[in-house]
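Okay, here's what each chain looks like letter by letter:
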Amino acid sequence: MGNKQTIFTDEQLDAYQDCTFFTRKEILRLHGRYHELAPHLVPMDYTTEPDCKIPLALIVNMPELKENPFRNRIVESFSEDGMGNLSFNEFVDMFSVLSETAPRELKAIYAFKIYDFNVDNFLCKEDLEKTLNRLTKEELTPEEVDLVCEKTIEEADLDGDSKLSFADFENMITRAPDFLSTFHIRI
Amino acid sequence: MPRDSLIASDNDADITLEFEGGEEGGHKERRHREKRRDGSKDRRKRGNGRRRQGSRSVERENEEERVGEREKERKRRVKKDQEAKKRDKEEGDRAQTRSEKTAKAKKNIKNEKRRRSEKEGEAGERTEKGKKKVQSAKKEKSVNHGTKDKTHEEKKKKRKKVLETSSEQETSEEDSEDKEDSEDEEVKPESLSPEELEKLKEAVDDKKKLIQSLRGKPWPMKKKLVTLRESQEFLEKYEGALGKGKGRKLYAYKVMMMKKWMKFQRDFENFKTACIPWEMKIKEIESHFGSSVASYFIFLRWMYGINMILFGLTFGLVMVPEALMGRPYGSIPRKTVPRAEEASAMDFAVLWDFGGYAQYSVLFYGFYSNQRAIGWLKFRMPLSYFLVGVGTVAYSYMVVIRTMARNANESGVGDDNSFNFSWKMFTSWDYLIGNPETADNKFASITTSFKEAILEEQESRKDDNIHLTRFLRVLANFLVLCCLAGSGYLIYFVVRRSQKFALDGLENHTWWERNEVNMVMSLLGMFCPMLFDVISTLENYHPRVALQWQLGRIFALFLGNLYTFIIALMDEINVKRDEEKIVKFNITMWEASLYNGTVSENFTAPPITIHPADVPRGPCWETMVGQEFVRLIISDTMTTYITLLIGDFLRAVLVRFLNHCWCWDLEAGFPSYSEFDVSGNVLGLIFNQGMIWMGAFYAPCLPALNVLRLHVSMYLQCWAVMCCNVPQERVFKASGSNNFYMAMLLVILFLSTLPAIYTIVTIPPSFDCGPFSGKNRMFDVIQETLESDFPAWFSKVFSYASNPGLVLPFILLMVLAIYYLQSTSKSYKEANVELKKKLQMQNEENKKKNKKAAQKALMDLEEARKVALESAGHQRNNNASYQGQQAREMQPATRVPRTINHRSHGNPGYLPNFPLQNETMIRRAPSLQRH
C-alpha cells in the first residue's frame, strides 16, 4: 500500500477512517474519483484542506449514479447548501453512508432525506408521487399513482397524519428485507 | 517555559473536571472551582499583559451588552476575543502540546463550522441559541463581579470553549451547562478527589466511545472531523492527568497499548480489505447486472474462501507430511504401481482418469501407510488423517451455520406482508445499477411489479378456470416426478453397467463406456432443468413462485442423482469387499508358497527380495470411491465450462455476426443473447461443494481440485458474463434468496456427510491400503492414540466419560436445552405477533382520533372563515388569503365549536389539516436530528 502518497497527511487519513466506513485505500481511491470528476478544480494535495466544491451536474454523471433515478436527490441531501455542490468531505460522506458496512439506522436517516423531495421532514403524498414517477419512468396512470401512494401511506403511517414522519419511515424500512442490499453503492 | 506549561496543564485538568461535572449534573462543581482559584493566583503573578487583555475583552463585552446588538454579532465577537486571548496564552503555555499553527488552523475550522452551522436546520439553530444563552449569562455575571474575578473570568472563557465543544457534540447537554452556570459563584478549597478522577475517566471513556461511534453518526463530514479532532485533543490532554494517584503508570501503559492496538487493528483491517480478491471485478459486474448476478459471484468467492481453508487443512496436515516424511514411492506395495499396470501408468488417458501413477500418490486414500508415527517429527499420520476428515466437516458446518445466522440477523423479520407497497416504493430500486440497459430492465420490472400489486389489490384474485389450472399443475408435477425417477433409474443403470465394464477391464471399452456415469450425470444436470422450465410454463404460477418451484425441482434432481450415484457406489464397495476377501485368502496362500519356495532354494539370501510392484494386493475400495468422486468433479467442471463456451459464447458470437444476414432479428428474436442464470449456477456450485464434502475423506486432493476449479470459474464466468450475457429481464433481488441458498448448502452438507460418516463408521477399512489398514474400524485410531500416547489416567477418564451412563444424560440435557430454546423462541414470536397486533390497534385508534381532531379543526376553521367573511366581506383584497390563513392558525386553539358543519373532507378549497401539519413538524424535527 502506497506510503508515498502526498494527497493527505496520515492524520487526515486516520481521521477519515474514523469518520467513515472506508479503509485508507478506499479513501485514496475516492479522492481519485473525486479528482477525476473535475481535474482542473480539485487539487491533488489535500493536506491544506482546500475549499473546493464540485457542482451537482458533474457528480450525477458518475457511472455509479448516472442511472439512479434519485441521483439528484442523493447528491442534494448530502450537500451542505442543499443545491448539490459537494466538497470532498461531503463526497466521502455520501459514499460512506451508501457503503456496504454502514448500519441500517444511518442508511435509513439518509434514505428518508433522499425521498423527502420538498425537505419538510415528512414524506407527504407529493414526495411519494415523485418517488414513484421516478421509479417507473412515469409509466403508471395518475389513478394508479394515486392508489399506490395512498396504499403506501395507509401501510406505513402509524400516527395517522396521512404522511410519513421519520419514525414511520424508520419503522417501515427497518423491516424491509431488501433495504440493506439495495441501498448501497460500491465505489 | 516548562513551569508555565506545567501550570497550564494543571489548569486544564481543572477545567475539564468542571466541564465534566457540568455534564454529569454538576454537584462537584464548587470544589474544583476552588482549586482553580488557587491556580489562578499563579496566573495573576505570571503576566499582567494577559490580564489586561482579559479586562479589555470584558469591557468590550460590556459595551456589547449595553448596545444590545443582535446575538449573532455578539457571539462572533466574543469568539474573536477568545481567539485573541487564546493566541496570547498559547504563546505562553501551550508550546509543548501543540504548535500554534495547528491550533490556529483548528480554530479557523471551528469558526467556519460555526458560521456554517448557523445556516443549518432548526436543530442546529437551537444548539446555537442555547450556546449563546450560556455565553451571555456568563458575561453578565462576570461584569457583576468586577475586577476581582477577572482571572476567574478568563478561566471561564477557557471553560466556555470546552463547553462549546461539548454542546457541539450533543444538544442534550445544554441543560447541564445551564446548571453549571448557576453554580458558578460559590467556591470551596479542596483537591482532586477520587470521584473526580472517576468522572474524568468517565469523560475520557465517553470521548473514546464517541470516536468509536462517530462513523455511524448522521452528521456532515466536517462536523464529524471537527468533533473527532476535538475529542482526540481532549483525550490527549486529559488522559495523562488521569493517572495522578496510584496506578498511573499502569493507566498510561494501558492507554498506550490501546492506541497501539487500535492502530494495529486499523492496519490489519486495511490489509484485510486489500486481501479480498476480485473486488473490482465483482463491482463491475454488479454495476452492470445489479445485485443478483453479483450475489452469485460473491457466493462463489465465499465458497472459494472456505475451500481455501479446507485445502489448507488437508494439504498442510495430510498431504505434505506424507509426501515429505512418509515412506517414499515404491517402498511398499501400496505405494507402488502394480506390475500389470506399469506399462500404461504414465499414459495420459490413464492419468486423466486418475489411474496409474495418480492413483498411487498422495492424492488418494490408498497411498497412506498405517505407520503410527512418521518422520523425525513423529507425526501421527493416521490420527491426523482422521481428525482432518472430521475437522473439515465440522468447520464447514460451523461456517455455514454462522453465515446463516448472520444473514438472518441482517435481513430482519421481513416476512410479513404489511408493507407491501411501501417496500416496493422505497427499496425496489437497486442503487448498485450503473448500466443503462440494466436500469431500463429494472424500470420495467418495477413498473410491472407495481401493476401486479395494483391488480392484486383491486380484485381479489379471480380464478378463471380453477379446475384447469389444478389439472395442469398436477400434470406438471407428475411429469417432473417422472423425469426425476427416470433420471435416477438411468444413473443407477449406468453405474451398474460401468461396474460390469470395470470387471471386464476398462481397456476393452470405448471412451464413452468408460466415462458413461459422469457424462450421463452431467448431461442430466444440464438438460433436466430446461425440461423443468418448459413444464413449469404449464403451471401458470407467479414468476417468483415459479422460480422457487424450479429451484426445488432442480435441487431434487441433483440430490436424487447424487444419491443414486452413492447407492450404486455402495454396491460397488460391497463387490470390492467380497473381492478383497478372496484376495486376502489368496495372499496368505501366496506368501506361504513364496516363503516355502525361498527357504527351499537357498538359505543365505535374504528371505524377502520380492519387488513391491509384484506383491498382489486388494482392490482398496476407498481409493475407488475417491477416484469416482474426482472423476465426477472433473467431468462436472468440464461440462460447465463447455456449456459456458457453447451456450453463451458461441451463441453470442453467432447472434452477433449472423444477424446481418439472417431473415429475422436474431438479437431481439429467438436465440438472442443468453441471460446469466443465477439460481442454476448457485445450485451447481452447491452440489459441487456437496461432492467435495462427500469425497474429501477418500481423496485428499479434492479440496485442492475444487480451489482450482473455483479459481478458473471465477475468471471464466466473470469474462463470460461481461462479454456475452445480457442483463436479466426479470431482475430478482438477491438478498431474500441469500439465506435460501445457504439453507440449501446446509442441507447438502448434511446429506453429503451422511454417507461419508456411514462408510467410516460401518465399513471396515481395506486390509492393505490407507492409513487405517489393519484396524477393525477407522475410528479405532482415536482409541489407539488414547491408549498409547496419553497417560493411563486420561484414557481411564475418557472411558468413564464415554460410558452410556454419562453420555445419555448429557444427550438428554442437550435435547432439553434445545427444547427450552425452541419454546422460548416460540413464545417470543408470539409476543412479537401480539405486539404487532397492539401496534396496529393503536395505529387505527390514532387514525380515528386524528380524523376526529381534523374534523373538529375543520369545523372551527369553517366557522372562523364565516366570521371573517362576515366581518370583512366588503373589503376583500389580496390580503384576504393571508388573513384567512392566520385565522385558521389561530382559531382551533381559542374557539369552541358550536355548529356542526357538513362540509368535511371533500372541500378542495384549502388543506384541512394544514396547521396541524406545521405543529407536528416542529415537534418532530429534533427527533430526526437526534438519531
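Residues numbered from 1 in each chain as written. Chains lettered and ligands numbered in written order. Predicted model: local features only at pLDDT ≥ 70, side-chain atom pairs only at ≥ 80, totals over all residues. Heavy atoms only, no water.

J.: Just to check I follow, could you spell out the confidence of the model for chain A for this structure?
T.: For residues with low pLDDT, the predicted coordinates do not support detailed interpretation. Mean pLDDT over chain A stands at 83; residues scoring 70 or higher make up 97%. For chain A, helix 11 (residues 179–182) of chain A is the element with the lowest average pLDDT, namely 80, and helix 7 (residues 104–115) of chain A is the one with the highest, namely 88. (pLDDT = per-residue confidence, 0-100. Helix = DSSP H or I, 4+ residues; strand = E, 2+ residues; numbered from the N terminus.)

J.: Hey, could you run me through the UniProt feature "domain: EF-hand" (unreviewed entry) in chain A in this one?
T.: Residue and element names in this part refer to chain A. Cross-referencing UniProt, the feature "domain: EF-hand" (unreviewed entry) maps to residues 103–138 and 144–179 in the present numbering. Here residues 103–138 runs as 67% helix and 0% strand, with 32 Å between its end C-alpha atoms. Annotation note: span residues 144–179, helix share 61%, strand share 0%, distance between end C-alpha atoms 24 Å. (UniProt positions renumbered as here; feature names shortened; annotations may be inferred.)

J.: Any chance you could explain the packing of helix 2 (residues 24–37) of chain A against helix 6 (residues 88–97) of chain A here in plain terms?
T.: Each pair of packed helices can be described by the angle between their axes along with the distance between the axes. Residue and element names in this part refer to chain A. Orientation of helix 2 relative to helix 6, taken along the N-to-C sense of each, is 120°, at an axis distance of 10 Å. It follows that helix 2 is oblique to helix 6 by the angle criterion. Considering how the two elements wind past one another, helix 2 and helix 6 form a crossing that is right-handed. Across the interface between the two elements, Ile27, Leu30, His31, Tyr34 and Leu37 from helix 2 touch Phe88, Phe91, Val92 and Phe95 from helix 6. In terms of residue class, the contact of helix 2 with helix 6 is built from 8 nonpolar, 1 polar and no charged. (Axes fitted to C-alpha atoms, helices over the stretch in contact; angles between N-to-C directions. Parallel < 35°, antiparallel > 145°, perpendicular 65-115°, else oblique. Left-handed = near helix turned anticlockwise from the far one by under 90°. Contact = heavy atoms within 4.5 Å. Nonpolar A, V, L, I, M, F, W, Y, C, P; charged D, E, K, R; others polar.)

J.: Explain the packing of aromatic side chains to me, please; I cannot follow it from the model alone.
T.: Think of a pair of aromatic rings as described by two things: how far the centres are apart, and how the planes are tilted against each other in angle. In this structure the tally under the stated criterion is 51 aromatic pairs over all chains. For the ring pair A:Tyr46 and A:Phe88, a centre distance of 5.1 Å and an interplane angle of 50° mean the geometry is tilted. Residue A:Tyr46 is found in the loop between helix 2 and strand 1 (53–54), and its partner A:Phe88 is found in helix 6; the two are separated by 42 residues along the sequence. For A:Tyr46, a relative accessible area of 5% translates into the label buried. Relative to B:Tyr385, the ring of B:Tyr365 lies with its centre 5.8 Å away and its plane at 80°, an arrangement referred to as edge-to-face. Placement of B:Tyr365 in the loop between helix 15 (356–359) and helix 16 (381–411) and of B:Tyr385 in helix 16 is noted, with a sequence separation of 20 residues between them. B:Tyr385 matches B:Tyr365 in its accessibility class, with the two residues each being buried. Linked through ring pairs, A:Phe70, A:Phe112, A:Tyr115, A:Phe166, A:Phe169, A:Phe179, A:Phe183, B:Phe426 and B:Tyr431 together constitute an aromatic cluster. Sitting over the face of the ring of A:Phe117, A:Arg73 holds its NZ or CZ atom 5.8 Å from the ring centroid. Note that B:Lys335 overlies the ring of B:Phe367, its terminal NZ or CZ placed 4.5 Å from the centroid. (Phe/Tyr/Trp six-rings, centres within 6.5 Å; stacked < 30°, edge-to-face > 60°. Buried < 20%, exposed > 50% of the residue type's maximum accessible area, 1.4 Å probe, protein only. Lys NZ or Arg CZ within 6 Å of the ring centre and 35° of its normal.)

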